[in-house]
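Listed below, chain by chain, are the residues.
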Number of protein chains: 2
Amino acid sequence: VKLWIDGGIRPDRQASISTQDRGLLLGDGLFETIRVAAGAAAHLARHLARLRMGAGVLGIPVPMDQAALGDALGRVIAANALSEGSLRLTLTRGSAARGVLPPEVVTPTLMITASHGGAASGGATVVTASITRRNEQSPLSRIKSLNYLDSILARREAASHGADEAILLNTHGAVAEASCANLLVLADGGLVTPRIEDGALGGVVRACLIEQGAVRERHLLPDDLREAEALFLCNSLGVRAVLRLDGRPVPSRPDCLGRLRRMINATGHRPG
Amino acid sequence: VKLWIDGGIRPDRQASISTQDRGLLLGDGLFETIRVAAGAAAHLARHLARLRMGAGVLGIPVPMDQAALGDALGRVIAANALSEGSLRLTLTRGSAARGVLPPEVVTPTLMITASHGGAASGGATVVTASITRRNEQSPLSRIKSLNYLDSILARREAASHGADEAILLNTHGAVAEASCANLLVLADGGLVTPRIEDGALGGVVRACLIEQGAVRERHLLPDDLREAEALFLCNSLGVRAVLRLDGRPVPSRPDCLGRLRRMINATGHRPG
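Read on for an overview of the structure. (Residues numbered from 1 in each chain as written. Chains lettered and ligands numbered in written order. Predicted model: local features only at pLDDT ≥ 70, side-chain atom pairs only at ≥ 80, totals over all residues. Heavy atoms only, no water.)

**Regarding the overall build of chain A**
Turning to step 1, where the next piece is worked out: Secondary structure summary: chain A contains seven helices and 15 strands in total.
Turning to step 2, where the next piece is worked out: Dimensions of chain A, computed from the C-alpha atoms along their principal axes, are close to 50 × 40 × 30 Å.
Turning to step 3, where the next piece is worked out: Here chain A holds 272 residues, and 55% of them are scored as buried.
Turning to step 4, where the next piece is worked out: Taking the intrachain contacts of chain A between residues at least 6 apart in sequence as the baseline, contacts between residues at least 24 apart amount to 67%.
Turning to step 5, where the next piece is worked out: Working note: accessible area of chain A is about 10,600 Å², and carbon and sulfur atoms make up 51% of it.
Turning to step 6, where the next piece is worked out: Charged side chains of chain A number 31 positive and 26 negative; the gap between the two group centres comes to 4 Å. (Helix = DSSP H or I, 4+ residues; strand = E, 2+ residues; numbered from the N terminus. Buried < 20%, exposed > 50% of the residue type's maximum accessible area, 1.4 Å probe, protein only. Contact = heavy atoms within 4.5 Å. Areas by Shrake-Rupley, 256 points an atom, 1.4 Å probe, with all protein chains shown as cover. Lys, Arg positive; Asp, Glu negative; His and termini not counted. Charge placed at Lys NZ, Arg CZ, Asp CG, Glu CD.)

**Re the relation of the copies chain B and chain A**
Turning to step 1, where the next piece is worked out: Expressed as a screw transformation, the operator carrying chain B onto chain A has a rotation angle of 180° and an axial translation of 0.0 Å, and the superposed copies differ by an RMSD of 0.0 Å. Both copies of the chain, as the preceding transformation shows, are related through a two-fold rotation axis. It is Leu-24 of chain B whose C-alpha, among those of chain B, lies nearest the rotation axis, at 2.0 Å.
Turning to step 2, where the next piece is worked out: Of all interface residues in chain B, 100% are interface residues in chain A too; the two copies therefore contact each other through one and the same surface. (Least-squares fit on C-alpha atoms with pLDDT ≥ 70 in both.)

**Remarks on the interface of chain B and chain A**
Turning to step 1, where the next piece is worked out: Opposite the 57 residues of chain B that make contact, chain A presents 57 residues.
Turning to step 2, where the next piece is worked out: Taking both partners together, chain B and chain A bury about 4,400 Å²; carbon and sulfur atoms supply 65% of that area.
Turning to step 3, where the next piece is worked out: For the chain B face of the interface with chain A, the top three residues by lost area are Leu-24, Val-100 and Leu-149 of chain B, together amounting to 15%.
Turning to step 4, where the next piece is worked out: In this assembly, chain B and chain A are joined by zero salt bridges. (Buried area = accessible area lost by both parts, 1.4 Å probe. Salt bridge = Lys/Arg side-chain N within 4 Å of Asp/Glu carboxyl O.)

**A short note on the pairing of strand β5 (residues 85–92) of chain B**
Residue and element names in this part refer to chain B.
Turning to step 1, where the next piece is worked out: A large share of β5 lies buried, amounting to eight of its eight residues.
Turning to step 2, where the next piece is worked out: Across the two faces of β5 the burial is the same, with Gly-85, Leu-87, Leu-89 and Leu-91 and Ser-86, Arg-88, Thr-90 and Thr-92 all buried.
Turning to step 3, where the next piece is worked out: Where strand β3 (residues 29–37) meets β5, eight bridges bridge the pair, whose relative direction is antiparallel. Within β5, the position partnered with Arg-35 by the bridge is Ser-86.
Turning to step 4, where the next piece is worked out: Examined bridge by bridge, β5 and strand β6 (residues 109–116) share eight bridges and lie antiparallel to one another. (Pairing = 2+ DSSP bridges.)

**A look at the pattern of salt bridges**
Residues and elements named next belong to chain A.
Turning to step 1, where the next piece is worked out: Under the definition given, this model contains 22 salt bridges over all chains.
Turning to step 2, where the next piece is worked out: Arg-195 is paired through a salt bridge with Asp-198; the nearest N and O atoms lie 3.0 Å apart.
Turning to step 3, where the next piece is worked out: Of the residues examined, Arg-195 reaches a relative accessible area of 26% and is grouped as partly exposed.
Turning to step 4, where the next piece is worked out: Each of Arg-22, Asp-28 and Arg-93 takes part in one network of salt bridges that share partners.

**Some words on the pairing of strand β1 (residues 2–5) of chain B**
Residues and elements named next belong to chain B.
Turning to step 1, where the next piece is worked out: As defined by bridge partners, β1 adjoins strand β2 (residues 8–11) across four bridges and the pair is classed as antiparallel. Note on β2: the bridge partner recorded for Leu-3 is Arg-10.
Turning to step 2, where the next piece is worked out: What sits between the antiparallel neighbours β1 and β2 is a turn of two residues, in which Asp-6 has the positive phi angle 50°.
Turning to step 3, where the next piece is worked out: Bridge analysis of β1 against β6 gives two bridges, and the strand direction is antiparallel.

**A word on helix α3 (residues 66–79) of chain B**
Residues and elements named next belong to chain B.
Turning to step 1, where the next piece is worked out: Here α3 is 14 residues long and its end C-alpha atoms lie 20 Å apart, about the 20 Å a rise of 1.5 Å per residue gives.
Turning to step 2, where the next piece is worked out: Among the residues of α3, Leu-69, Ala-72, Leu-73, Val-76 and Ile-77 are the ones counted as buried. For α3, the angular spread of the buried residues around the axis is 145°, confining them to a single face. Residues of α3 that are exposed and point more than 90 degrees away from the buried face comprise Ala-67 and Ala-78.
Turning to step 3, where the next piece is worked out: In the stretch just after α3, Ala-81 is the one whose phi turns positive, near 45°. (Expected span 1.5 Å × (residues − 1). Arc of directions from axis to C-beta.)

This is the structure in structure tokens:
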């Protein structure tokens, strides 16, 4: 496997990260997971726009412009002969001396890695996490930062119940999102998804579905999930149906799932 | 500078971290910052107990017992001829394939680095962060995890106002802690500090002062800080007075500061 690091392609065995990198020491950075389909990065412009937005929130300079980032991603795809799989772009604030406050001048770390093969696409069993809450009162809930421990804790809780995914509530008990996916809820015949202000990350596929009018945002409580006509999980790698929620079966709507997949695939390779 | 990594002492130029380390990719890990005074690690047993507690919350195995960890820390002190300064022990879940869910079998990364010189001990100007809230509803507020971005955001906000430190409120508006210190509040002639359940990290020096009866826990609101007879910041590296809070002067109590320093120094080298 070959990756992009320090401005060029390298074999992964020759690549490593400084022990002083703030991404490692303080979670001080961001990432994007980008689907590769038929050898091309899907929803590329949306991913790069979200990266730049998050970098703005954290005050991390993005060391390349969008064209150069797209080129680097393409070089990782080519170097790995990647047809179906994913890329992960990680941007950290780079190395610095000890301390919480970032230095005035930073040299960010930008790394792009590749994985072959798609994500799980079969139906998922899901539990509502009780161990932690997603903090919708932090700007971090709106960017794809490296601070993923709340999701990891929720996912470990789900796994301890034999479930595939966890749903996180926010600090007020509203539904926010799953540990690594947005939630789509079929209610009253229409698809809705938790609001950004309720702690949902602005997922790339979620945004694409909202823009097409297929999904709209709504404040959702746990009861809304229990009464849903169907539930789906979507992230950059795909859409899955939820089969069971907290041990209870969820109605199946393969027609709806099929329609979502067609919409996402149809738009993935348009610019924007 | 020499550090401990992969089970032994190495020059820092020969040390690096895998690009697949979950500490880097997902903030999946913990750390401790330990003061070194007169060539010895202060409050060592407390730091190692907190590390083990946090590792339990995250389900990361600690790869060495307390005696071996103490020995490794001592070897980093010796290798760097460190008399006054600090050690940082970082424990991550190690390298793994893509995904939020940790693998069944992990090989944790354990790294110990050294810094010469103490922390700032002069008075600090402080502002109350408005950009984010500390999530007291997450178990992460009670462990010293690598997810430090809320503190970084708060600290950047303080710096943008020319201040040295930021105070974080919790999701209910109560006072939690500063970006890298606990807060001590002189009120009605006694010292109080925000409660763990309000989002304060269980600081090692904080615990030591509580155990000695010098400080007690209390639910504190921003108004309590404004009306305080004095304010102090304490962390493993020392205690400082707060000079100004949100632009307003805070009363000075050098007698109280001196007493706190004597108590902390007197107990730092006892086991426990």
